[in-house]
Amino acid sequence: MTETLHWYAETTGGVRQGDAPVHPGCGAVHLSTDLPAGTLKAVRAELPWTMEADERLFMNGYQTWTYSPELDRNGKLRGTDHIPGFLRKKYAFDRYGDYHFAPYGHQKGQSHGFSYCYFRKGTQFRLVASLDEKPGYTILRYDSGKALLTLERDCAGVEHPGGSFALFDLFFAEGGETEVFDGWFQAMGIKPRTEKKLAGYSSWYNRYQDITEDTIREDLTGCRSLLCPGDLFQIDDGWEPKVGDWLETDAQKFPHGLKGMVEEIHATGFQAGLWLAPFVCEKDSALFRQHPDWLLKVDSKPWCCGSNWSSFYALDIDHPEVQAYLKQVFDRVLKDWGFDLVKLDFLYGAAPFGNGRESRAGRMQRAMALLRSWCGDKLILGCGVPVMPAFGIVDYCRVGCDVGLDWDDVWYMRLFHRERVSTKQSIGNTIFRRQLNRRAYGSDPDVFFLREENCKLTPQQKDQLATVNALFSGILLTSDMPSRYTLEMREQYAALRDLSAHAENICVDADHDICIRYTLHGQEKTLVLEKKKL
């Protein structure tokens, strides 16, 4: 049924408004208008949109870690307003997501998301998505009580010279899951940089920052009997002196640097990966002390992005010395040391704000383009990045939060932000963002576990995590110590690799419990996850 979309745009120089007919399957809709010169104040649109009682709504969260479940008609999302102010300030809980710029609704049936959302009834989808975020993120809000879909262009504060302005570039599709998502990516002209599935090892979820030359060499030796030629061996956080100081290794942990370690990794037939967080630095870093002018300032103060490490801060990507430094970092890591892949984390730190020249999203897109220019054709695994700016730029990308060594962390951590560590929420995001895999990039659902030591997950929980990861991933990693695998664990690992490579006809029924059906070597298989536990 055709409805009327009413739009409104305002600069300090004046107001324009108008109407456009749309319907759920109308495809691309490009809305623009001549706007008077001035500072953009608001660009929004409203569209009557009914959600039936048995429909489900998915609102894509701001960045890759942001928990993004399917909601029923009374569902809502929780921000950080409920956290006491002193805790919010001390731990910067409101700096990991959209909390500092996107108000959260407090009534049942009020939710919002970024760049795309869908309404699902059974196997039929109604997709509403953005085709271009450079003028500003498309923030979608739904209020089931008012049966109203509101769209906002996140562009306030940008200077408009006068003339034509792209209000919204939208894509409306109705039909089956494959049909609507294939249509969206075709309309954007975006294809994944690689179709190749990658598997391997990451050092993080066992040793965390407690890594040394000896521990890495021990795990590399174990991986020789488990991984396949061409697999990834990735060194995660802990190799650097402090976050932000990337040109040298921690002298005590890696006294001989990393070039020789990369040679050892290559000698085993594996690809070598390294973790960095290029757009941030921690307070205890030499960079923070020596280059305070490199930090992004908001109201004359460095912008804190979170409380990890000694707390960490955004770098100003417009500062020419920051760009020169980061180019030097990537040249050293990729050319001098010889790494094949970089896992680039906490990328949201590049663009917590826009400015008079560009929107928040435009700045994030420019940051991603810089990363690709510095990395050339080397592989990038994105993490902690606003979702749509990574499309077609990174080779692989996280789609959920970090998994934990238990199911859903301790009770008080569940009261905080949507980006928190949680195996439960990671599985949910892997399932509900499954459509991005092999369309935007190869999805990274984070690691799975088979081990028994240093892991509190039950056997059933480990099996669910591993199976979901294998079915919906473009990159399949573990952080177990392969040298400690039993014969049974090795057989389990081989089965997961087989599942990842050969599963077909994968479909998800999430109306009640989450039922995942697939075919493996001609046999029909089913995995059921209780929705109340997700």
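A. Examining the pairing of strand E2 (residues 14–22) more closely. Looking at chain direction, strand E1 (residues 3–11) and E2 are connected through nine bridges and run antiparallel. Directly across from glutamate 3, in E2, lies its bridge partner valine 22. Taking the residues between adjacent antiparallel strands as the criterion, E1 and E2 are bridged by two residues.

B. Spotlight on the sheet that holds strand E20 (residues 304–306). The antiparallel open sheet is built from three strands, whose spatial order is E17-E21-E20. For this open sheet the edge positions go to strand E17 (280–282) and E20, each flanked by a neighbour on one side alone. This sheet shows a mean twist of 40° between the axes of neighbouring strands, independent of strand direction. Here three bridges tie E17 to strand E21 (residues 312–314), and the two strands are oriented antiparallel to one another. The partner of cysteine 281 across the bridge, within E21, is tyrosine 313.

C. Focus on a nonpolar patch on the surface. Taken together, the side chains of Val410, Trp411, Tyr412 and Leu415 present a nonpolar region at the surface, about 410 Å² in accessible area. Along the polypeptide, leucine 415 turns up in the loop between strand E24 (396–398) and helix H9 (423–432). The exposure class of leucine 415 is partly exposed, given its relative accessible area of 37%.

D. Structural detail: unusual backbone geometry. Even without being a glycine, aspartate 409 presents a positive backbone phi close to 60°. Turning to its location among the elements, aspartate 409 is positioned in the loop between E24 and H9. Phi is positive for aspartate 446, which is not a glycine, with a value near 75°. Along the chain, aspartate 446 falls in the loop between strand E25 (442–444) and helix H10 (459–471).

E. Spatial organisation of the sheet that holds strand E15 (residues 232–235). Across the sheet, eight strands lie side by side as E25-E24-E23-E22-E16-E15-E14-E26; this open sheet has parallel pairing. Every other strand in the sheet has two partners, leaving E25 and strand E26 (475–478) as the edge strands with one partner each. Averaged over all adjacent pairs, the angle separating strand axes in this sheet is 25°, with direction ignored. Strand direction decides the pairing type here: E15 and strand E16 (residues 271–276), joined by four bridges, are parallel. From the neighbouring strand, glutamine 234 faces E16, where its bridge partner is glycine 273. Here helix H7 (residues 320–336) sits on the sheet in contact with E16 and strand E22 (341–344), set at roughly 135° to E22.

F. Highlighting the packing of helix H4 (residues 213–224) against helix H5 (residues 259–267). Viewed as axis vectors pointing N to C, H4 and H5 meet at an angle of 5°, and their least axial separation amounts to 11 Å. Relative to H5, the element H4 is oriented roughly parallel. Here Glu213, Ile216, Arg217 and Leu220 of H4 lie close against H5, whose contacting residues are Met261, Glu264 and Ile265. When its residues are assigned to classes, the contact of H4 with H5 shows four nonpolar, no polar and three charged.

G. Seen up close, helix H2 (residues 177–188). With 12 residues, H2 extends 17 Å from end C-alpha to end C-alpha; this agrees with the ideal 16 Å at 1.5 Å per step. Inspection of H2 places Val180, Phe181, Gly183, Trp184, Phe185 and Met188 among the buried residues, and these make up the whole buried set. Of the surrounding secondary structure, the elements contacted by the buried residues of H2 are strand E8 (116–121), strand E9 (124–130) and strand E13 (163–176). Looking one or two residues beyond H2, the residue adopting positive phi is glycine 189, at roughly 70°.

H. The pairing of strand E23 (residues 379–382), seen in detail. Burial along E23 is two-sided: the residues Leu379 and Leu381 and Ile380 and Gly382 are all buried. In this structure, E22 lies alongside E23, joined through four bridges in parallel fashion. Of the residues in E23, the one forming a bridge with leucine 344 is glycine 382. Note that the unit made of E22, helix H8 (residues 360–375) and E23 has a crossover that is right-handed.

I. Spotlight on the side chain of threonine 467. As for its position among the elements, threonine 467 is in helix H10. By relative accessible area, which is 9% here, threonine 467 ends up buried. A distance of 2.8 Å separates a polar atom in the side chain of threonine 467 from the backbone oxygen of aspartate 463. Setting aside residues up to four positions removed in sequence, threonine 467 forms contacts with Leu496, Leu499, Tyr518 and Leu527.

J. Quick look at the nonpolar core. Counting residues in each nonpolar core, the largest one holds 147 residues, and the members touching the most others are Trp184, Ile235, Trp239, Phe391 and Ile516. In terms of residues, this core owes the most to one element, H8, which gives eight residues. For tryptophan 184, the contacting residues outside a window of four places in its chain are Ser115, Tyr116, Leu127, Ala129, Ser130, Leu131, Phe171, Met388 and Phe391. Among the nonpolar cores identified, the runner-up in size contains 30 residues, and Leu5, Met51, Tyr142 and Cys155 belong to it.

K. How the structure looks around the side chain of threonine 478. Among the structural elements, threonine 478 can be located in strand E26. When its relative accessible area of 2% is taken as the criterion, threonine 478 is described as buried. Within polar-contact distance, the side chain of threonine 478 engages the backbone oxygen of phenylalanine 448 at 3.0 Å. Setting aside residues up to four positions removed in sequence, threonine 478 forms contacts with Gly200, Tyr201, Ser202, Val447, Phe448, Tyr485 and Tyr493.

Parameters and conventions
- Sequence order as written defines residue numbering, which begins from 1 separately in each chain.
- Only residues with pLDDT of at least 70 get local features here, since the model is predicted, and only at 80 or more are side-chain atom pairs given and counted; chain-wide, interface and lining totals rely on the full set of residues.
- In computing side-chain properties, one takes all heavy atoms of the structure into account and sets aside hydrogens as well as water.
- At least two DSSP bridges between two strands are needed for those strands to be called paired.
- The helix and strand labels rest on DSSP assignments: H or I over at least four residues marks a helix, E over at least two residues marks a strand, and numbering proceeds from the N terminus.
- Where helices are involved, their axes are fitted lines through C-alpha atoms of the stretch in contact, as for all axes, and angles between N-to-C directions lie from 0 to 180°.
- Each patch is built from salt-bridge-free residues with over 30% relative accessible area, joining like charges within 9 Å and nonpolar side chains (Val, Leu, Ile, Met, Phe, Trp, Tyr) within 5 Å.
- For every accessible area listed, the method is Shrake-Rupley and the probe measures 1.4 Å; residues are considered covered only by the protein chains on display.
- The working definition used for a salt bridge is a side-chain nitrogen of Lys or Arg within 4 Å of a carboxyl oxygen of Asp or Glu.
- Burial here depends on accessible area, computed with a 1.4 Å probe over protein chains only, as a share of the maximum for the residue type. Under 20% is buried, over 50% is exposed, and the range in between is partly exposed.
- In what follows, a contact means two residues having at least one pair of non-hydrogen atoms within 4.5 Å.
- The cut-offs work like this: below 35 degrees is roughly parallel, past 145 is roughly antiparallel, 65 to 115 is roughly perpendicular, and the gaps in between are oblique.
- Residues were grouped as follows: Ala, Val, Leu, Ile, Met, Phe, Trp, Tyr, Cys and Pro as nonpolar; Asp, Glu, Lys and Arg as charged; and all remaining residues, including Gly, as polar.
- A helix is expected to span 1.5 Å multiplied by its residue count minus one.
- A crossover counts as right-handed when, viewed with the strands pointing away from the observer, the path leading from the first strand over the helix to the second turns clockwise.
- Pairs of N or O atoms within 3.5 Å make up the polar contacts considered here, provided that, within protein, one atom can donate a hydrogen while the other can accept it, and that residues adjacent in sequence are counted only when both atoms are side-chain atoms.
- Joining through side-chain atoms within 4.5 Å is the link that ties buried Ala, Val, Leu, Ile, Met, Phe, Trp, Tyr and Cys residues into a set, and such a set is a nonpolar core.

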